[in-house]
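Residues per chain are reported as follows:
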Amino acid sequence: MTRGATSEPALPPPALPDPAGKTAREPDRRSGSGIPGPFADLRNLSLLGVLAALLVVGAITRPAEFLSTDNLQLVLTQASVIGVVTVGVTLVIIGGGIDLSVGAVVALCSVWATTLATQEFGLGGVLCCALLVGLGCGLVNGVLIAYGGMVPFIATLAMLASARGLALQISDGRTQVVTVSSVLDLGLPGAYILGVPPLVLVFAVVTAVGWLLLNRTTFGRRTVAVGGNPEAARLAGIDIRRHRMTLYLLSGLCCGIAAFLLIVLTGSGQNTNGNLYELDAIAAAIIGGTLLSGGRGTIVGSVLGVLVFTTITNLFALNNLQSDVQQIAKGAIIVAAVLVQRRTTPGTGS
């Protein structure tokens, strides 16, 4: 044995960081949304409990009005517009982004799709215009954020201001009345399918597609990965820039669909449409379990959040309560939801 040699066994090489990024935000195989199955189920059950409590309150305070078929249809119809927007916003947030422009984009889509020139092409022209404008705004957001390196907050805030301004310019501050009978007929009881308004059916389809994308496709797993650990996602071969751009395209598409539903519901297009939709959508996603930091969230939870907020609004209206009290109640629910989220979700509590 030569000098300096020892009889100690060789130490193993130091462990390298796990390239798969297995942290507390790793997607759960059962839920596919980054939230472990039992925690997602618990949160959704809690929201169902809140919704059931609101139904009981409505049945006690205003039984005749609240439980009527017309009122329940109204609640679901109103939830459909903001619900479609929330599905797109939820996907963006899970992917690690934020979209503050959705309300303004809805307004721009509704105004552009109800101009006299667009209405000359009938139902197809109104629908296609709303979808294309939404996709165009989503594309601009996606390019600025994914390829331009802009912070999502700043890019979408700029889109918010620009879309509102353009909507005001196109409409000249006036309400554009829809004259296409085939569009207006979709909002009439005669178009209901088994007593369900077409707008609610569209909302259900968008929700189902969003759930399938997030929970049953590679796209959904990549969305969770990009939002939870972008560097690990890049090392795994995911094109982060293209994926982020696709998420904003989906958000824009949802805005276009929501704008068309709003046109059917109101029979008009206005530059004030979609006011504060971005806050309502983000709030619904938060109480549904979506983390603002990305990597976790559920479509079902977000939809339940929308139903809770819409039901609260309806209850306040039926009981002639002031809108300021309504906003305070919403704020309290958001704070409570975030506190519960920190206590029930692994890796987020203190």
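Since the structure is predicted, the reported quantities are computational estimates derived from the model, not experimental observations.

1. Some thoughts on the overall build of the protein
Link 1 in the chain: Helix and strand counts for the protein come out as 15 helices and two strands.
Link 2 in the chain: Long-range pairs, those at least 24 residues apart, make up 78% of the contacts in the protein between residues at least 6 apart in sequence.

2. What to know about the confidence of the model for the protein
Link 1 in the chain: Looking at the protein, pLDDT values average 86 and 85% of them are 70 or higher.
Link 2 in the chain: Helix 15 (residues 323-344) is the least confidently modelled element of the protein, averaging 73 in pLDDT, while helix 4 (residues 102-113) averages 97, the highest of any element.
Link 3 in the chain: In the predicted structure, residues 1-27 sits below a pLDDT of 50 and forms 19 contacts with residues beyond four places in sequence or in another chain.

3. Concerning the packing of helix 3 (residues 69-94) against helix 9 (residues 198-216)
Two numbers describe a pair of packed helices, the interaxial angle and the distance between the axes.
Link 1 in the chain: At a minimum axis distance of 8 Å, the contact between helix 3 and helix 9 shows a crossing angle of 20°. The angle between helix 3 and helix 9 falls in the class roughly parallel. The way helix 3 lies across helix 9 gives a crossing that is left-handed. Here Leu76, Thr77, Ala79, Ser80, Gly83, Val84, Val87, Leu91 and Ile94 of helix 3 come into contact with helix 9, specifically with Leu199, Val200, Phe203, Val206, Thr207, Gly210 and Leu214.
Link 2 in the chain: Split into classes, the residues belonging to the contact of helix 3 with helix 9 amount to 11 nonpolar, five polar and no charged.

4. What about the layout of surface pockets?
Link 1 in the chain: Estimated volume of the largest pocket: approximately 660 Å³.
Link 2 in the chain: If you go around the largest pocket, you meet 27 residues; those closest to its centre are Ile82, Tyr277, Asp280, Thr313 and Lys330.
Link 3 in the chain: Counting only elements with at least two residues in the lining of the largest pocket, the list comes to helix 3, helix 12 (240-266), helix 13 (277-287), helix 14 (299-318) and helix 15.
Link 4 in the chain: Looking at the lining of the largest pocket, its residues break down into 12 nonpolar, 13 polar and two charged.

5. Quick look at the side chain of aspartate 99
Link 1 in the chain: Mapped onto the elements of the fold, aspartate 99 is located in the loop between helix 3 and helix 4.
Link 2 in the chain: Side chain to side chain, aspartate 99 and serine 251 meet in a polar contact 2.8 Å long.
Link 3 in the chain: Aside from chain neighbours lying at most four places away, what touches aspartate 99 is Val92, Asn141, Thr156, Tyr248, Ser251, Glu278 and Ile282.

6. Digging into the nonpolar core
Link 1 in the chain: In this structure, Val84, Val85, Val89, Val106, Val183, Tyr277 and Ile282 are the most contacted members of the largest nonpolar core, which totals 74 residues.
Link 2 in the chain: Of all the elements, helix 12 adds the most residues to this core, at 12 residues.

7. Comments concerning the side chain of threonine 298
Link 1 in the chain: Residue position: threonine 298 is located in the loop between helix 13 and helix 14.
Link 2 in the chain: For threonine 298, the side chain forms a polar contact with the main-chain nitrogen of glycine 301, separated by 3.0 Å.

8. A short note on the packing of helix 4 against helix 12
Link 1 in the chain: Relative orientation of the contacting elements helix 4 and helix 12 amounts to 55°, with a least axis distance of 8 Å. Regarding the angle of helix 4 to helix 12, the classification is oblique. Between helix 4 and helix 12 lies a crossing of right-handed hand. Of the residues in helix 12, those in contact with Val102, Val105, Val106, Cys109, Ser110 and Ala113 of helix 4 are Ser251, Cys255, Gly256, Ala258, Ala259, Leu262 and Ile263.
Link 2 in the chain: Its residues assigned to classes, the contact of helix 4 with helix 12 shows 10 nonpolar, three polar and no charged.

9. Observations concerning a nonpolar patch on the surface
Link 1 in the chain: Together, Val140, Leu144, Met150, Val151, Phe153, Ile154 and Leu157 make up a nonpolar patch on the protein surface, roughly 560 Å² of accessible area in all.
Link 2 in the chain: Considering the arrangement of structural elements, one finds phenylalanine 153 in helix 7 (residues 152-171).
Link 3 in the chain: Of the residues examined, phenylalanine 153 reaches a relative accessible area of 44% and is grouped as partly exposed.

10. Observations concerning the pattern of salt bridges
Side chains carrying opposite charge are able to pair once their charged atoms draw close together.
Link 1 in the chain: Taken as a whole and assessed by the stated rule, the structure comprises three salt bridges.
Link 2 in the chain: Between glutamate 65 and arginine 62 there is a salt bridge, with its nearest N and O atoms 3.8 Å apart.
Link 3 in the chain: A residue is classified by how much of its surface remains accessible, and arginine 62, at 27% relative accessible area, is partly exposed.

11. Description of helix 13
Link 1 in the chain: Helix 13 sits mainly inside the fold: nine of its 11 residues count as buried.
Link 2 in the chain: Along helix 13, the residues that are buried comprise Tyr277, Glu278, Ala281, Ile282, Ala283, Ala284, Ala285, Ile286 and Ile287.
Link 3 in the chain: A positive backbone phi angle near 105° is found at glycine 289, which sits one or two residues after helix 13.

12. As for the environment of leucine 100
Link 1 in the chain: Relative to the elements of secondary structure, leucine 100 occurs in the loop between helix 3 and helix 4.
Link 2 in the chain: Separated by 56 residues in the primary sequence, leucine 100 and threonine 156 have C-alpha atoms spaced 5.3 Å apart.
Link 3 in the chain: Apart from residues no more than four positions distant in its own chain, leucine 100 is found in contact with Phe153, Thr156, Leu157, Leu160, Glu278 and Ile282.

The rules behind each value
- Residues numbered from 1 in each chain as written.
- Predicted model: local features only at pLDDT ≥ 70, side-chain atom pairs only at ≥ 80, totals over all residues.
- Heavy atoms only, no water.
- Helix = DSSP H or I, 4+ residues; strand = E, 2+ residues; numbered from the N terminus.
- Contact = heavy atoms within 4.5 Å.
- pLDDT = per-residue confidence, 0-100.
- Axes fitted to C-alpha atoms, helices over the stretch in contact; angles between N-to-C directions.
- Parallel < 35°, antiparallel > 145°, perpendicular 65-115°, else oblique.
- Left-handed = near helix turned anticlockwise from the far one by under 90°.
- Nonpolar A, V, L, I, M, F, W, Y, C, P; charged D, E, K, R; others polar.
- 1 Å grid on protein atoms, 1.4 Å probe; cavity = no way out; pocket = protein on both sides within 12 Å on 5 of 7 lines; lining within 4 Å.
- Points joined across faces, edges and corners; volume = space filled by probe spheres on them.
- Polar contact = N/O pair within 3.5 Å; in protein donor to acceptor, adjacent residues only side chain to side chain.
- Core = buried A, V, L, I, M, F, W, Y, C linked by side-chain atoms within 4.5 Å.
- Buried < 20%, exposed > 50% of the residue type's maximum accessible area, 1.4 Å probe, protein only.
- Patch = residues over 30% accessible without salt bridge, like charges linked within 9 Å, V, L, I, M, F, W, Y side chains within 5 Å.
- Areas by Shrake-Rupley, 256 points an atom, 1.4 Å probe, with all protein chains shown as cover.
- Salt bridge = Lys/Arg side-chain N within 4 Å of Asp/Glu carboxyl O.

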